[in-house]
Amino acid sequence: MSVYVGNLSYEVTEASLNAVFAEYGSVKRVQLPTDRETGRVRGFGFVEMGTDAEENAAIEALDGAEWMGRDLKVNKAKPREDRGSSFGGGGNRGNYGGRNRY
């Protein structure tokens, strides 16, 4: 399981986030998603810690805490939902409202 960390400063680095969470136990991994177009951190991240007890301690201590000028939102990460294909849309492809226009 991992911890979701929201409302992060855009100046945050994996190393700085790791240092904050290391105060509550062993940090196994830190992920900071970046914007595809700008390469800038998207303002949230995920931290995976050694044990559930360490994660709970970090959540309790850091949720709502101010860091880098921001009030952090810290909670258990929810499993990623399967969004299917990236093309979206309905099942009515190419039928444009049900009328045959040809």
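The structure presented is a predicted model; accordingly, all values stated were derived computationally and were not measured.

1. Describing the packing of aromatic side chains
And then number 1: Taken as a whole and judged by the stated rule, the model has 3 aromatic pairs.
And then number 2: Ring centres of Phe 44 and Phe 46 lie 5.9 Å apart, and the angle between their planes is 85 degrees; this geometry places the pair in the edge-to-face category.
And then number 3: Here the aromatic residues Tyr 4, Phe 44 and Phe 46 are joined through ring pairs into a cluster of three or more.

2. Here's the deal with the side chain of Ser 9
And then number 1: With respect to the helices and strands, the residue Ser 9 is situated in the loop between strand E1 (3-6) and helix H1 (14-22).
And then number 2: Apart from residues no more than four positions distant in its own chain, Ser 9 is found in contact with Met 68 and Arg 70.

Calculation criteria
Residues numbered from 1 in each chain as written. Predicted model: local features only at pLDDT ≥ 70, side-chain atom pairs only at ≥ 80, totals over all residues. Heavy atoms only, no water. Phe/Tyr/Trp six-rings, centres within 6.5 Å; stacked < 30°, edge-to-face > 60°. Helix = DSSP H or I, 4+ residues; strand = E, 2+ residues; numbered from the N terminus. Contact = heavy atoms within 4.5 Å.

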